[in-house]
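Topology and contacts: notes
Chain by chain, the residues:
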Amino acid sequence: MTDMNADTALLPGQTWAQLLARRSFIELNALGRATALLDPGSLRVLAGPFDRLESPWLAPQGITPQADDGTVIARGTVDGRPVVIASIEQGFQGGGTGEVSGAKISQALLLAAADSRAGTPTAGVILFETGGVRLQEANLGLNAVAEICSAILDLRPLAPVIGIVAGTVGSFGGMSIAAGLCTRLIVTPQARIGLNGPAVIEQEGGIDEFDSHDHALIWAVDGGEQRYATGLADDLVPDDADLLRGALVEAINGGVTEPGRHRSERLDVLASRLATLDPAANPVDPRELRTLWGRSYEPVATTFAVGTTPTGQDADPPVTRGRTWLLALTGAAPQPIIPSVASVTTDSARYLAIVPDPDNRFYRARKGEVGVTEALALAQAVRDVIEADGDVEQKRAIVAVVDLPSQAYGRYEEIAGLHQAMAAATDAYHAARMAGHPIVAVVVGTALSGGFLTHGLQANQILALDDPGVEIHAMHEEAAARITLRTVDELDELAKTIVPMSYDVEDWAKLGYCDGLLEVQDADAPTPRDVATVAAAISDAIDRARRGPIDLSTRLDSEAAVATRQASRAVRDLLAQQWNPES
Amino acid sequence: MQTLNYQFPAHEVADHAIHVGVVASGDLEILLQPPATGEPSDTVVVRVRTSVNGFDTVWHDVLERFFLRTPLAGRWELNDFGATPGVVNVRLRQAAEAAKGPNS
């Protein structure tokens, strides 16, 4: 029965009879999915459509908002255990994370963490169906993803956070970093998980890099079966509501994972896996990874030596703002963690910057992008500081000097699971913040998209130079124009009134998570006075971080947030108010 | 995006609030709330927000015909993302049936 075998690839564990009798999960809307997973009769929707917490940013752009901003928050029980589900509606704006929908997810997880701390462990369940940050709310969406990542990491030690990617949109963009942080990740064969979607890679890297019309390639790289077969997802379940609920019951009953054992903490595994890849010299077929890496997330044998030859060390390294400011602020020559991650360690702080490595074996990360090896090196550098300061009362600061064009858009990055590598760096920064290390990000150049999520957006304090060369955004303007079917001129026009879409750093500073906009004379070749200004600002930021909260709540409580993030603050208030049923 | 407001006569009242649909391509969501205390119980109040401009007459005709047959008073909010009149009718009927049915 060869036909049968071919078909069972799409229906793992299901016979035709079961297939015909099944209740499809994928065909359900966001509310239907949450209902299907919860114990019957236990569902209670929070901040629902009649609360009308819709996006304040869409209607002014001529886009019809949805009354619940496309994300259902539902409380209830699974097998008798309290859970909160965040179910993303894939039909609305492609499941894109906006200010409101993002705040709903992060605040729900934070409330679950508070209950868990108070003695009622409340699991988080996130149904990822998203293309990533909603570009119409760009910088607020990007920050929302950072807050979701932080909230997952806050809850994860107290109660399990289970991610489900069922399809058909799948999980892309920054939300896949969040997926990579989950206690367990459940996927269907129809799921896809990736950092950069195929169309974006094709657009940034050309059709040779990724042909977005090659469906076989897309599924071979991002597909649920591939992610499961290579240990980047934990359960592969057919599209069947009852079977998915069964997997969720099992996952929640499994409880929390022992500290250090989460996938995003296993730097040993990530390092050994990446050491088997050399895309520049020896491109790998995604299918080979199933044998090379296998399904269990444990260290693998290195098949050939890579990274042993010092590359780019003989020549003068390219001059970039990241390298320049690293040197200027510390007065010391930056040392490579790897050629593309430079570091200076002083008595009081560790400074880190991503820098170009023209010889990077991951050839799509040669211009200072955050790729898989950069994310790993950042994670290692941050974890080293946490470990070294283990018994020290006054933890050293970590200063992320941010000047990066973006994350790396490449086929081999996706094959290798860029989202999971970025999750490792995000996790490390969060862990350092929780351990009491003041984390200060100082944006001296461009800080775009997933790159900034990985290196900067988990900081207690974020500073930026007030300079035209400083650009903070969810996507560079030409690409954002193409994705949202607008012209660059139209985007510029919109950005004048839609603050989170602006490419101007002074507008970014109004969004509530800027802790200092620093005037300098020359951002490319800082004067002694420029250096003194920025150094003093970093020092002040470190002091504020030591005194302030170790969570990200300042991003909602700052003066600017009170003015600009009213919608996020309304979400926080309403969810808190509705969290427990009215008695 | 265009915002359109209409009123139609009614002589029935929805039992409870209902939400159906999604603001997805070719679809719409409907929020229906029975008249609050003090609001007229003989009027359908409709607000349409649609991503497609210039179809005022079509909206008016579709809604008028529907509320002639289903004169259900209350506040109807339609958030539309390019639904065809057929889809609009299906969603309207779905909302009306659910609003008169058991509260789920």
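Residues numbered from 1 in each chain as written. Chains lettered and ligands numbered in written order. Predicted model: local features only at pLDDT ≥ 70, side-chain atom pairs only at ≥ 80, totals over all residues.

1. Side note on the overall build of chain A
- Along its length, chain A carries 24 helices and 15 strands.
- Computed over the C-alpha atoms, the radius of gyration of chain A is 23 Å, within 12% of the 25 Å expected from 2.2 N^0.38 for a compact globule of 583 residues.
- Each principal axis of the C-alpha atoms in chain A carries an extent, and together these give about 75 × 60 × 55 Å.
- In chain A, which comprises 583 residues, the proportion classed as buried is 57%. (Helix = DSSP H or I, 4+ residues; strand = E, 2+ residues; numbered from the N terminus. Rg over C-alpha atoms; globule rule 2.2 N^0.38 Å. Buried ≥ 20, exposed ≤ 12 C-beta atoms within 10 Å, placed from the backbone.)

2. Structural notes on the overall build of chain B
- Helix and strand counts for chain B come out as 2 helices and 6 strands.
- When the helices and strands of chain B are listed from N to C terminus, the series reads β-β-β-β-β-α-β-α.
- Its C-alpha radius of gyration of 13 Å places chain B within 12% of the 13 Å reference for a compact globule of 104 residues.
- For chain B, the spread of C-alpha atoms along the three principal axes comes to 35 × 25 × 20 Å.

3. Considerations on the nonpolar core
Residues and elements named next belong to chain A.
- Within the largest apolar cluster, 174 residues are counted, with the highest numbers of intra-cluster contacts made by Ile152, Leu244, Leu248, Val401, Val440 and Val442.
- Ranked by residues supplied to this core, first place goes to helix α5 (residues 138-155) with 12 residues.
- No fewer than three residues from each of domain 1 (2-193 + 233-252) and domain 2 (321-552) sit in this core. (Core = buried A, V, L, I, M, F, W, Y, C linked by C-beta atoms within 7 Å. Domains from an automatic or database assignment.)

4. Comments concerning the domain arrangement of chain A
All names here are of chain A.
- The domain architecture assigned to chain A consists of domain 1 (2-193 + 233-252) and domain 2 (321-552).
- Taking only C-alpha atoms, the centre of domain 1 and the centre of domain 2 are 29 Å apart.
- If you look at the interface, domain 1 gives 27 residues, while domain 2 gives 29 residues.
- Residue classes in the side of domain 1 that touches domain 2 are distributed as 15 nonpolar, 9 polar and 3 charged. (Contact = placed C-beta atoms within 7 Å. Nonpolar A, V, L, I, M, F, W, Y, C, P; charged D, E, K, R; others polar.)

5. Describing the interface of chain B and chain A
- Contacts between the two partners involve 15 residues from chain B and, on the opposite side, 13 residues from chain A.
- Residue assignment for the side of chain B that touches chain A shows that the elements contributing at least two residues are β4 (28-33), β5 (43-50) and β6 (72-80) of chain B.
- Residues of the side of chain B that touches chain A, tallied by class, amount to 7 nonpolar, 4 polar and 4 charged.

6. Some details on the packing of helix α4 (residues 99-117) of chain A against helix α24 (residues 566-578) of chain A
All names here are of chain A.
- The geometry of α4 relative to α24 is characterised by a closest axis approach of 9 Å and an angle of 35 degrees between their N-to-C directions. Helix-helix and strand crossings are classified by hand; for α4 and α24 the assignment is right-handed. Of α24, the residues touching α4 (which contributes Glu99, Val100, Ala103, Lys104, Gln107, Ala108 and Leu111) are Ala567, Ser568, Val571, Arg572, Leu575 and Ala576. (Axes fitted to C-alpha atoms, helices over the stretch in contact; angles between N-to-C directions. Left-handed = near helix turned anticlockwise from the far one by under 90°.)

7. Regarding the environment of Gln226(A)
Residue and element names in this part refer to chain A.
- Its location among the elements puts Gln226 in helix α9 (residues 224-229).
- The spatial distance from the C-alpha of Gln226 to the C-alpha of Leu491 is 37 Å, given a sequence separation of 265 residues.
- In this structure, Gln226 is in contact with Ala220, Val221 and Pro286, ignoring residues within four places of it in sequence.

8. Regarding the sheet that holds strand β4 (residues 123-127) of chain A
All names here are of chain A.
- The 7 strands are arranged β1-β2-β3-β4-β5-β6-β7 in an open sheet whose pairing can be described as mixed. One side of each edge strand has no neighbouring strand; the edge strands of this open sheet are β1 (44-46) and β7 (235-236).
- Judged from the 2 bridges that link them, strand β6 (residues 184-187) and β7 form a sheet pairing that is parallel. Paired with Ile186 across the two strands is Asp235, which belongs to β7. (Pairing = 2+ DSSP bridges.)

9. Brief notes about α5(A)
- With 18 residues, α5(A) should reach 26 Å at 1.5 Å per residue; the first-to-last C-alpha distance of 26 Å fits that figure.
- Counting buried residues along α5(A), 18 of its 18 residues qualify, which places the element largely inside the surrounding structure. (Expected span 1.5 Å × (residues − 1).)

10. Some remarks on the pairing of strand β1 (residues 2-9) of chain B
Residues and elements named next belong to chain B.
- Judged by how many residues are buried, β1 sits mostly at the surface: 0 of 8 residues are covered.
- Alignment of β1 against β5, held across 8 bridges, turns out to be antiparallel. Opposite Tyr6, over in β5, you have Val46 as the bridge partner.

11. Topic: the packing of helix α11 (residues 267-274) of chain A against helix α14 (residues 372-388) of chain A
Residue and element names in this part refer to chain A.
- Packing of α11 against α14 brings their axes to within 11 Å, and their N-to-C directions diverge by 150 degrees. Two packed elements cross with a definite hand, and for α11 against α14 that hand is left-handed. Contacts between α11 and α14 pair Leu267, Leu270, Ala271 and Leu274 from the former with Val372, Thr373, Leu376, Ala379, Gln380 and Arg383 from the latter.
- Of the residues that constitute the contact of α11 with α14, the class distribution is 7 nonpolar, 2 polar and 1 charged.

12. With respect to unusual backbone geometry
Residue and element names in this part refer to chain A.
- The omega torsion of the bond from Gly167 to Thr168 falls at 15 degrees, within 30 degrees of zero and hence cis.
- With respect to the helices, strands and loops of the structure, Thr168 is situated in the loop between β5 (161-165) and α6 (174-179).
- Phi at Asp79 takes a positive value of approximately 55 degrees, unusual for a residue other than glycine.
- In this structure, Asp79 sits in the loop between β2 (71-78) and β3 (81-88).
- Classification of Asp79 as partly exposed rests on a count of 14 C-beta atoms within 10 Å.
- Positive phi, close to 60 degrees, is recorded for Ser449, a residue that is not glycine.
- With 32 C-beta atoms packed within 10 Å, Ser449 lands in the buried category.

13. Some thoughts on helix α21 (residues 528-547) of chain A
Residue and element names in this part refer to chain A.
- Between its first and last C-alpha, α21 extends 29 Å over 20 residues, near the 28 Å set by a 1.5 Å rise per residue.
- Among the residues making up α21, those that are buried are Asp530, Val534, Ile538, Ala541, Ile542 and Ala545. The arc enclosing the buried residues of α21, seen along the axis, measures out at 105 degrees, which places them on a common side. Relative to its buried face, α21 has exposed residues pointing more than 90 degrees away, namely Pro528, Arg529, Ala532, Ala536 and Arg547.
- Considering only its buried residues, α21 is in contact with α13 (321-330), β11 (397-404), β12 (439-448), β13 (461-465) and β15 (517-518). (Arc of directions from axis to C-beta.)

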